Amino acid sequence: METTSRAVAQAPAAEGGRPLPSARRTVDGYLLAPFPWYGLDEAFTGQRWLLQVGTSADGSVEHGSLGHGDEPSVRNEFVSGSPDDPREKFAVVVTVAASPERRLADGTGQLEATSVSSAAWLAGVGLLSVTWPMQMDHALRDDWLDQQTETAWELADDLSGPDWSTLSLPVDGVPTSFHYRESEFGWVLAGSAPQGVHVGAYGRGMSAYGLGFSVVQDITAYA
């Protein structure tokens, strides 16, 4: 799969699984991006919040995520609610710069190309980062997470496979085709936007079918 890296920048977690505010609340990295950020469009009127940006080996911003709705903690039996009425209802939008394979500025190596699969994998791993299967022993979660991360990689590498369906959603007001899949932990989708980026998203408790995406005009509104 063409992607930037299998190492995803994740916010450090506090006890209980909730990302530390100091890891999420800075807008500086977002302002350094040479591409536009995408979030839910104006039809969404709920809370908006920052997560973190991811950088390439040469330090340039390559991707990042913006949250909408409830700020998720790791899902377990204490926070998940019922399947029909989850306590946390959120959607996170991932923006990935569309880039060809290219050499590092210092000539020491190459950066891989990004694709819709890159957005799908980042979204899949993002959902895993706030997932903890019910009744799983805490000591087993790291092994489970490693296993599920590999599965997310394989799924993102096969967007035409049977695990994915097609969903049309508006991007800047234009109907756009997305790859979409659901699991017991939530949903993941990925597609491309007309502004030179790939867009992924993941969520739980909010239906993906009613979402729309648009360029964020003021990133500080998420801070």
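Below is a summary of the structure that appears in this document. Treat the numbers as computed from the prediction; the structure is a model and nothing was measured.

### Quick look at the overall build of the protein
Next, step 1: Within the protein, the secondary structure is distributed over four helices and 13 strands.
Next, step 2: Counting over 223 residues, the protein shows a buried share of 51%.
Next, step 3: In the protein, once contacts between residues fewer than 6 apart in sequence are set aside, the share between residues at least 24 apart is 63%.
Next, step 4: Taken as a whole, the protein presents about 10,800 Å² of accessible surface, with 50% of it coming from carbon and sulfur.

### A closer look at the pattern of salt bridges
Next, step 1: One pass over the structure, following the stated rule, counts one salt bridge.
Next, step 2: The shortest N-O distance in the salt bridge between Glu-88 and Arg-204 comes to 3.5 Å. Of this pair, Glu-88 sits in the loop between β5 (85–86) and β6 (90–97) while Arg-204 sits in strand β12 (residues 197–204), and the two are 116 residues apart along the sequence. The residues Glu-88 and Arg-204 share a single accessibility class, namely buried.

### Quick notes on the nonpolar core
Next, step 1: Tyr-30, Trp-37, Tyr-38, Leu-189, Tyr-202, Phe-213 and Ile-219 are the most contacted members of the largest nonpolar core, which totals 61 residues.
Next, step 2: The element contributing the most residues to this core is helix α3 (residues 116–129), with nine residues.
Next, step 3: Excluding residues that lie within four positions of it along the chain, Trp-37 makes contacts with Tyr-30, Val-53, Val-61, His-63, Gly-64, Leu-66, Thr-95, Ser-214, Val-215, Val-216 and Ile-219.

### Some remarks on helix α4 (residues 141–156)
An α-helix turns once every 3.6 residues. As a result, residues three or four positions apart point the same way.
Next, step 1: Compared with an ideal rise of 1.5 Å per residue, which puts 16 residues at 22 Å, α4 spans 22 Å between its outermost C-alpha atoms and is within 8% of the ideal.
Next, step 2: Of the positions making up α4, those classed as buried are Arg-141, Trp-144, Ala-152, Trp-153, Leu-155 and Ala-156.
Next, step 3: Those residues of α4 that are buried are in contact with α3 and β10 (174–183).

### A closer look at the environment of Gly-200
Next, step 1: Structurally, Gly-200 is set in strand β12.
Next, step 2: Non-local contacts of Gly-200, meaning those with residues more than four positions away in its chain, are made with Val-92, Val-93, Val-94, Ala-119, Ala-123, Leu-189 and Ala-190.

### A short note on the pairing of β10
Next, step 1: Relative to β10, strand β9 (residues 165–171) runs antiparallel, the two being bridged by seven bridges. Looking at the pairing, Leu-169 lines up with Thr-176 of β10.
Next, step 2: By the bridge criterion, five bridges tie β10 to strand β11 (residues 186–193) in an arrangement that is antiparallel. Paired with His-179 across the two strands is Ala-190, which belongs to β11.
Next, step 3: Hairpin geometry of β10 and β11 is characterised by an intervening segment of two residues between the two adjacent antiparallel strands.

### Observations regarding the environment of Phe-35
Next, step 1: Among the secondary structure elements, Phe-35 is positioned in the loop between α2 (28–31) and β1 (38–40).
Next, step 2: Phe-35 sits 60 residues away from Thr-95 along the chain, and the two C-alpha atoms are 9.0 Å apart.
Next, step 3: Phe-35 has contacts with Val-61, Glu-62, His-63, Thr-95, Ala-97 and Val-197, leaving out every residue within four places of it along the chain.

### Some thoughts on the packing of α3 against α4
Next, step 1: It is at 9 Å that the axes of α3 and α4 come closest, and there the two elements cross at 160°. When the interaxial angle is binned, α3 and α4 end up roughly antiparallel. Two packed elements cross with a definite hand, and for α3 against α4 that hand is right-handed. Only Arg-141, Trp-144, Leu-145, Gln-148, Thr-149, Ala-152, Trp-153 and Ala-156 of α4 make contact with α3, whose side of the interface consists of Ser-117, Ala-120, Trp-121, Gly-124, Val-125, Leu-128 and Ser-129.
Next, step 2: Of the residues that constitute the contact of α3 with α4, the class distribution is nine nonpolar, five polar and one charged.

### Focus: unusual backbone geometry
Next, step 1: In the Ramachandran plot, Asp-172 falls in the positive-phi region, its phi being about 55° despite a non-glycine side chain.
Next, step 2: Tracing the sequence through the fold places Asp-172 in the loop between β9 and β10.

### Thoughts on α3
Next, step 1: Here α3 is 14 residues long and its end C-alpha atoms lie 20 Å apart, about the 20 Å a rise of 1.5 Å per residue gives.
Next, step 2: Along α3, 13 of the 14 residues are buried, which leaves the element largely enclosed by surrounding structure.

### Details of the packing of aromatic side chains
Next, step 1: Within this structure, the stated rule accounts for six aromatic pairs.
Next, step 2: Measuring from ring centre to ring centre gives 5.5 Å for Trp-121 and Trp-153, while their planes differ by 85°; the resulting arrangement is edge-to-face. Here Trp-121, found in helix α3, pairs with Trp-153, found in helix α4; they are 32 residues apart in sequence, far enough to count as distant. Here the two residues Trp-121 and Trp-153 agree in accessibility, since each one is buried.
Next, step 3: Ring geometry for Phe-178 versus Phe-213: centroids 5.4 Å apart, planes at 45°, classification tilted. Within this pair, whereas Phe-178 is found in strand β10, its partner Phe-213 is found in strand β13 (residues 213–215), the two being separated by 35 residues in sequence. We note that Phe-178, like Phe-213, is buried.
Next, step 4: In this structure an aromatic cluster arises from ring pairing among Tyr-30, Phe-35 and Trp-37.

Cut-off values and rules
Residues numbered from 1 in each chain as written. Predicted model: local features only at pLDDT ≥ 70, side-chain atom pairs only at ≥ 80, totals over all residues. Heavy atoms only, no water. Helix = DSSP H or I, 4+ residues; strand = E, 2+ residues; numbered from the N terminus. Buried < 20%, exposed > 50% of the residue type's maximum accessible area, 1.4 Å probe, protein only. Contact = heavy atoms within 4.5 Å. Areas by Shrake-Rupley, 256 points an atom, 1.4 Å probe, with all protein chains shown as cover. Salt bridge = Lys/Arg side-chain N within 4 Å of Asp/Glu carboxyl O. Core = buried A, V, L, I, M, F, W, Y, C linked by side-chain atoms within 4.5 Å. Expected span 1.5 Å × (residues − 1). Pairing = 2+ DSSP bridges. Axes fitted to C-alpha atoms, helices over the stretch in contact; angles between N-to-C directions. Parallel < 35°, antiparallel > 145°, perpendicular 65-115°, else oblique. Left-handed = near helix turned anticlockwise from the far one by under 90°. Nonpolar A, V, L, I, M, F, W, Y, C, P; charged D, E, K, R; others polar. Phe/Tyr/Trp six-rings, centres within 6.5 Å; stacked < 30°, edge-to-face > 60°.

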